[in-house]
Amino acid sequence: EAGVTQSPTHLIKTRGQQATLRCSPISGHTSVYWYQQALGLGLQFLLWYDEGEERNRGNFPPRFSGRQFPNYSSELNVNALELEDSALYLCASSRYGANVLTFGAGSRLTVL
Amino acid sequence: AQRVTQPEKLLSVFKGAPVELKCNYSYSGSPELFWYVQYSRQRLQLLLRHISRESIKGFTADLNKGETSFHLKKPFAQEEDSAMYYCALFNFGNEKLTFGTGTRLTIIP
């Protein structure tokens, strides 16, 4: 069984640009979660999608957004990039209502 | 609001010595707590959850509601236990999993 896959592995952008990160959940999982792992800050909850709907979001500005597609894959968009957006972005998936998450390897975003 | 606190960023323990990684939480409801682990160059993965009351890789964790703690323990550390450990709390209300900042455990040979 394929795990949670994320792309790209690394992404380098400059301030003000936009970044798009992608995630494919485990087959059968309808919920996708996005977390930001910045140095020294642990994992900060960003967004939760299920069945194509945004179910919850963390304390991040609106320039962090995303969506979930009919095949349950998801993308995270970060607009107007700032230097402090540099971090590892982790995607996780689960069955709806299950509270055990399976994580992907992450996408490392560097903003110059 | 829910919060998870891991007071130690770094912890070094000699091989064969006992290990205790601390985790305290604040949550108004009945919590469900987890420990996740990230070994070097591997993905973050579930280690154990309190409702399972099981021992994984020799690790156990007991939920102490009075002290609002969920410390992770192992009686005899092994070199392969070196990793980053995260405590996490699941809020049934908003279905959000909140992580602590993590503790990097290093086992000294």
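See the structure above.
Residues numbered from 1 in each chain as written. Chains lettered and ligands numbered in written order. Predicted model: local features only at pLDDT ≥ 70, side-chain atom pairs only at ≥ 80, totals over all residues. Heavy atoms only, no water.

Enquirer: Report on the sheet that holds strand β8 (residues 72-74) of chain B, specifying residues and quantitative values.
Expert: Residues and elements named next belong to chain B. If you trace the 3 strands from one edge of the open sheet to the other, you get β3-β8-β7, paired in antiparallel fashion. Whereas interior strands pair on both sides, the edge strands pair on one side only; in this sheet they are β3 (19-21) and β7 (60-61). Looking at chain direction, β7 and β8 are connected through 2 bridges and run antiparallel. Across the sheet, alanine 61 pairs through a bridge with leucine 72, a residue of β8. (Pairing = 2+ DSSP bridges. Helix = DSSP H or I, 4+ residues; strand = E, 2+ residues; numbered from the N terminus.)

Enquirer: Which residues make up the state of the cysteines, and what are the values?
Expert: Here a disulfide denotes one covalent bond, and it connects the sulfur atoms of two cysteines. Residue and element names in this part refer to chain B. Inspection of every chain in the model, using the stated rule, returns 2 disulfides over all chains. Residue cysteine 23 pairs covalently with cysteine 87 via a disulfide, S to S 2.0 Å. What sets the handedness of the cysteine 23 and cysteine 87 disulfide is the S-S torsion sign, and at about -65 degrees it is left-handed. On the criterion of sequence distance, the pair formed by cysteine 23 in the loop between β3 and β4 (24-26) and cysteine 87 in strand β9 (residues 83-91) is long-range, its members being 64 residues apart. The two residues cysteine 23 and cysteine 87 agree in class, both being buried. (Disulfide = S-S within 2.5 Å. Buried < 20%, exposed > 50% of the residue type's maximum accessible area, 1.4 Å probe, protein only.)

Enquirer: Can you break down the interface of chain B and chain A residue by residue, with the values?
Expert: Contact residues are listed per partner, giving 19 residues for chain B and 21 residues for chain A. Both faces considered, chain B and chain A share a buried interface measuring about 1600 Å² in area, 53% of it formed by carbon and sulfur atoms. Of all residues in chain B, the largest losses of buried area upon contact with chain A belong to Arg43, Leu44 and Glu95 of chain B, amounting jointly to 34% of the total for that side. Across the chain B-chain A interface, the total number found is 0 salt bridges. Taken together, the links from chain B to chain A amount to 6 residue pairs in polar contact (both at pLDDT 80 or more). Counting residues per element, the ones that place at least two in the side of chain B that touches chain A are β5 (32-38), β6 (45-49), β9 and β10 (96-99) of chain B. Ranked by the residues each element gives to the side of chain B that touches chain A, the list is headed by β5 of chain B, at 4 residues. (Contact = heavy atoms within 4.5 Å. Buried area = accessible area lost by both parts, 1.4 Å probe. Salt bridge = Lys/Arg side-chain N within 4 Å of Asp/Glu carboxyl O. Polar contact = N/O pair within 3.5 Å; in protein donor to acceptor, adjacent residues only side chain to side chain.)

Enquirer: Tell me about the sheet that holds strand β1 (residues 5-7) of chain A, and please be specific about residues and values.
Expert: Residues and elements named next belong to chain A. With antiparallel pairing, 4 strands are arranged side by side in an open sheet as β1-β3-β8-β7. Unpaired on one side and paired on the other, β1 and β7 (64-68) mark the two borders of the sheet. With strand direction ignored, the average angle separating the axes of adjacent strands in the sheet is 15 degrees. In terms of strand pairing, β1 meets strand β3 (residues 19-24) through 3 bridges, oriented antiparallel. (Axes fitted to C-alpha atoms, helices over the stretch in contact; angles between N-to-C directions.)

Enquirer: Go over the pattern of salt bridges, please, and point to the residues and values.
Expert: Residues and elements named next belong to chain A. Enumeration according to the criterion identifies 11 salt bridges over all chains in this entry. The salt bridge involving arginine 63 is made with glutamate 82; its shortest N-O contact spans 3.4 Å. Of the two residues, arginine 63 sits in the loop between β6 (53-57) and β7 while glutamate 82 sits in the loop between β8 (74-78) and β9 (87-94), which places them 19 residues apart along the sequence. Bridged by salt links that share partners, the residues Arg22, Arg67 and Glu75 form one connected network.

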